[in-house]
2 protein chains.
Amino acid sequence: MNTIDTILNHRSIRKYKPDPVPENVLNDMLNAGIRASNTGNMQVYSMIVTRDEALRKQLCGFHFGQKMVEQAPVHITFCADINRFNKWCRMRKAEPGYDNLLWFVNAAIDALLASQNVCVAAEAHGLGICYLGTATYNADKIIELLDIPHGVIPVAAIVAGYPDDNPPLTDRLPMEAVVHYEKYQDYSNEAISALYAERESQEFTKNLLIENNVETLAQVFTERRYATKDNVFFSEKYLGLLKKQGFLNHGE
Amino acid sequence: MNTIDTILNHRSIRKYKPDPVPENVLNDMLNAGIRASNTGNMQVYSMIVTRDEALRKQLCGFHFGQKMVEQAPVHITFCADINRFNKWCRMRKAEPGYDNLLWFVNAAIDALLASQNVCVAAEAHGLGICYLGTATYNADKIIELLDIPHGVIPVAAIVAGYPDDNPPLTDRLPMEAVVHYEKYQDYSNEAISALYAERESQEFTKNLLIENNVETLAQVFTERRYATKDNVFFSEKYLGLLKKQGFLNHGE
């Protein structure tokens, strides 16, 4: 399959066959990650490949018990990582000043560009993948389980394996919802209604409202899936972790 | 070219031909971005495509005057964006609680996975791309120039166009520098020296030391390219901007 088709055919896979990912396929994925653009060619990220079943069972718990995490043979944690670079600097008479927000952002960018390349390469090999947003929610527990040192923090995780499911493409808002030309064109109320009209009118949405016992699709998000008190809780937890892992100091 | 080869052949392009990017190619790139995984299918990101020459000249200044920004026909700013989603919620009797760090991180993830898909699709079409790390450095100026509203903040920018240069692949550290199996394996001093040995011994590196008048390659980074005082300055600036744009409140 050509590159554009590989990308356009992406669907997140949530059911996996037990078949392992062959070594050469995994290497292709990791190499694809490594070839992504990165900040100043400093490669301030790391990828932790976890295949051990006992570890994956524990990771599954941290990802809110989503079954696919136990099922998929490969779990990869993508981390912002200034640890290796700092160690090298200190061995070479250079005092690193990367323990601050700018370098969390730079290192997170590195980790995420690599992760997306890994995913696209995996799909080119016929694998399925799914991102786990929970990687940041419970980053503290992942850090403990995977011996992640100071200077390193998880920003994303994926599972990968052979799909045991063939879901349809997920719908997306019309392109004009996320694309702006020349400058940002802010949305009128009419524009917002038009952008969400199709999604709001779907049968699937009507069922969601009944299941969730809410009046609007937006309330499914604000009251059920991503409620304020959870957002605040996990924000404070991740902020604390950024401090603890050494990304919010000021270089002294 | 197949997907893996497209990805493995990536090089950042810093010289561009003046030829415009055809509409259908740009649409393929943007569609590729839209198909990337995103948080809860909320699509909390936006892509601002700037082709106007006068705007690109101003953007060039914000990107430290790098000539390629004026030269390349397309500049895309990738933003974390809770503005659209918030507007929709408020019109639908739903009170959004996304003005916090967790949702900056989620929205930045969305923006960056989309950006990498855009880049891979661009390269599949024979275009060159280059990420501009300076997008976060001068995000405040980009916000002003591109009318970016509250709830939106740039996290990355790229230029794209037809390459007027054919640079060699950039070197990378050996795979074991960034890949860990099962758990994170922290680095001994010997391991660090081994990982950086090849890079440190290159002729290119020796010239760099002379040019920069420093003793070690690490000092090129800590004293010349990314010095502590600059890191601290841009960290504080971006932190202030996160507050101003509404990503560090707590749910109210």
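As a reminder, the structure under discussion sits directly above these lines.
So, here is what we can say about the structure in this document. (Residues numbered from 1 in each chain as written. Chains lettered and ligands numbered in written order. Predicted model: local features only at pLDDT ≥ 70, side-chain atom pairs only at ≥ 80, totals over all residues.)

Focus on the overall build of chain A
Next, step 1: Secondary structure assignment for chain A yields 12 helices and five strands.
Next, step 2: Its C-alpha atoms put chain A at 60 × 45 × 40 Å along the principal axes.
Next, step 3: Each of the 252 residues in chain A was classed as buried or not, and the buried ones make up 49%.
Next, step 4: Within chain A, contacts between residues separated by at least 24 positions form 79% of all contacts whose residues are at least 6 apart in sequence. (Helix = DSSP H or I, 4+ residues; strand = E, 2+ residues; numbered from the N terminus. Buried ≥ 20, exposed ≤ 12 C-beta atoms within 10 Å, placed from the backbone. Contact = placed C-beta atoms within 7 Å.)

Digging into the interface of chain B and chain A
Next, step 1: Facing the 102 residues of chain B at the interface are 102 residues of chain A.
Next, step 2: Tallied by class, the residues present in the side of chain B that touches chain A amount to 56 nonpolar, 31 polar and 15 charged.
Next, step 3: Relative to strand β5 (residues 179-181) of chain B, strand β1 (residues 45-50) of chain A runs parallel, the two sharing three bridges. Counterpart to isoleucine 48 of chain A in the pairing with β5 of chain B is histidine 180 of chain B. (Nonpolar A, V, L, I, M, F, W, Y, C, P; charged D, E, K, R; others polar. Pairing = 2+ DSSP bridges.)

Comments concerning the sheet that holds β1 of chain A
Next, step 1: Pairing is mixed across the open sheet formed by five strands, whose spatial order is β3(A)-β4(A)-β2(A)-β1(A)-β5(B). This sheet does not close on itself; its edge strands, each paired only once, are β3 (128-131) of chain A together with β5 of chain B. Adjacent strand axes in the sheet meet at a mean angle of 25°, parallel and antiparallel pairs treated alike.
Next, step 2: Two strands pair when backbone bridges link them, and β3 of chain A and strand β4 (residues 152-161) of chain A are joined in this way by four bridges, in the antiparallel orientation. Directly across from cysteine 130 of chain A, in β4 of chain A, lies its bridge partner valine 159 of chain A. (Axes fitted to C-alpha atoms, helices over the stretch in contact; angles between N-to-C directions.)

What to know about helix α5 (residues 83-91) of chain B
Next, step 1: A large share of α5 of chain B lies buried, amounting to seven of its nine residues.
Next, step 2: Turning to α5 of chain B, its buried residues are Asn83, Arg84, Phe85, Asn86, Lys87, Trp88 and Cys89 of chain B.
Next, step 3: The inward-facing, buried residues of α5 of chain B abut α9 (189-201) and α11 (217-225) of chain A together with β2 (74-81) and β4 (152-161) of chain B.
Next, step 4: Among the residues trailing α5 of chain B, lysine 93 of chain B stands out with phi positive, at a value near 55°.

A closer look at the sheet that holds strand β1 (residues 45-50) of chain B
Next, step 1: Spatial ordering of the open sheet is given by β5(A)-β1(B)-β2(B)-β4(B)-β3(B), a layout of five strands whose pairing is mixed. Each of the sheet's edge strands pairs with one partner strand only, and the pair in question is β5 (179-181) of chain A together with β3 (128-131) of chain B. In this sheet, adjacent strand axes meet at a mean angle of 25° when their direction is disregarded.

Considering the packing of helix α10 (residues 203-212) of chain A against α11 of chain A
Residues and elements named next belong to chain A.
Next, step 1: α11 packs onto α10 with a crossing angle of 40° between their chain directions and a minimal axis gap of 9 Å. Here α10 is positioned oblique relative to α11, judged by the angle of their axes. The way α10 lies across α11 gives a crossing that is left-handed. Every residue of α11 that contacts α10 at Thr205, Leu208, Leu209 and Asn212 is listed here: Leu217, Val220 and Arg224.
Next, step 2: Class assignment of the residues belonging to the contact of α10 with α11 gives a composition of four nonpolar, two polar and one charged. (Parallel < 35°, antiparallel > 145°, perpendicular 65-115°, else oblique. Left-handed = near helix turned anticlockwise from the far one by under 90°.)

Thoughts on the relation of the copies chain B and chain A
Next, step 1: With an RMSD of 0.0 Å, chain B superimposes on chain A once it is rotated by 180° and translated 0.0 Å along the axis. The superposition operator between the copies reduces to a two-fold rotation axis. Ranked by how close their C-alpha atoms come to the rotation axis, the residues of chain B are headed by threonine 3 of chain B, at 2.1 Å.
Next, step 2: Same-surface contact between copies: 100% of interface residues of chain B are shared with the interface of chain A. (Least-squares fit on C-alpha atoms with pLDDT ≥ 70 in both.)

What to know about unusual backbone geometry
Next, step 1: Of note in this structure, glutamate 182 of chain A is not a glycine but carries a positive phi near 65°.
Next, step 2: Locating glutamate 182 of chain A in the fold gives a position in the loop between β5 and α9.
Next, step 3: According to the C-beta neighbour criterion, glutamate 182 of chain A is partly exposed, with 15 such atoms within 10 Å.
Next, step 4: A positive phi angle, near 50°, is found at asparagine 41 of chain B, a position not held by glycine.
Next, step 5: Structurally, asparagine 41 of chain B is set in the loop between α2 (23-35) and β1.

Comments concerning helix α12 (residues 228-244) of chain A
Next, step 1: With 17 residues, α12 of chain A should cover 24 Å at 1.5 Å per step; its first-to-last C-alpha distance of 24 Å lies within 8% of that length.
Next, step 2: Considered for burial, the residues of α12 of chain A that qualify are Asn231, Phe234, Ser235 and Tyr238 of chain A. Angularly, the buried residues of α12 of chain A cover 110° about the axis, an arc narrow enough to put them on a single face. Across α12 of chain A from its buried face, at more than 90 degrees, point the exposed residues Lys229, Gly240 and Lys243 of chain A.
Next, step 3: The elements touched by buried residues of α12 of chain A are α7 (134-137) and α8 (139-145) of chain A together with α6 (101-124) of chain B. (Expected span 1.5 Å × (residues − 1). Arc of directions from axis to C-beta.)

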